[in-house]
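# Architecture at a glance
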Amino acid sequence: MLTFVEKRTILNTFELKEKEISNNRLVYEYPASKQRGKVLARELHPTGNGYVLGKYMNEETIKNNG
């Protein structure tokens, strides 16, 4: 299992915006998204708990919408 620091390092390699919310938790958003649902990871806590969100998109959708 990855540590909090390792998860944070991986998420910071992408063009994501990091926001701190209550109880030292982090939210990562993709501001350049042309679709709804810009949050890619939420409630990432120093204990290692959190959620990574992703939707299935085919290559055509990604190509057309960025």
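Criteria and thresholds
- Residues numbered from 1 in each chain as written.
- Predicted model: local features only at pLDDT ≥ 70, side-chain atom pairs only at ≥ 80, totals over all residues.
- Heavy atoms only, no water.
- Helix = DSSP H or I, 4+ residues; strand = E, 2+ residues; numbered from the N terminus.
- Contact = heavy atoms within 4.5 Å.
- Areas by Shrake-Rupley, 256 points an atom, 1.4 Å probe, with all protein chains shown as cover.
- Phe/Tyr/Trp six-rings, centres within 6.5 Å; stacked < 30°, edge-to-face > 60°.
- Lys NZ or Arg CZ within 6 Å of the ring centre and 35° of its normal.
- Pairing = 2+ DSSP bridges.

## Some thoughts on the overall build of the chain
Scanning the chain from N- to C-terminus turns up two helices and four strands. In the chain, the succession of α and β elements from N to C terminus is α-β-β-β-β-α. Relative to all contacts within the chain whose residues are 6 or more apart in sequence, the contacts with residues 24 or more apart total 14%. As displayed, the chain offers around 5,400 Å² of accessible surface, 52% of which is attributable to carbon and sulfur atoms.

## What about the packing of aromatic side chains?
Applying the stated criterion to the full structure yields zero aromatic pairs. The cationic tip of Arg42 hangs over the ring face of Tyr51; the distance from NZ or CZ to the ring centre is 4.7 Å.

## Concerning the pairing of strand 1 (residues 17-21)
Note: strand 1 against strand 2 (residues 25-29), five bridges, orientation antiparallel. Across the sheet, Lys19 pairs through a bridge with Val27, a residue of strand 2. The hairpin formed by strand 1 and strand 2 contains three residues between the paired strands, and Asn23 there has a positive phi angle of roughly 60°.

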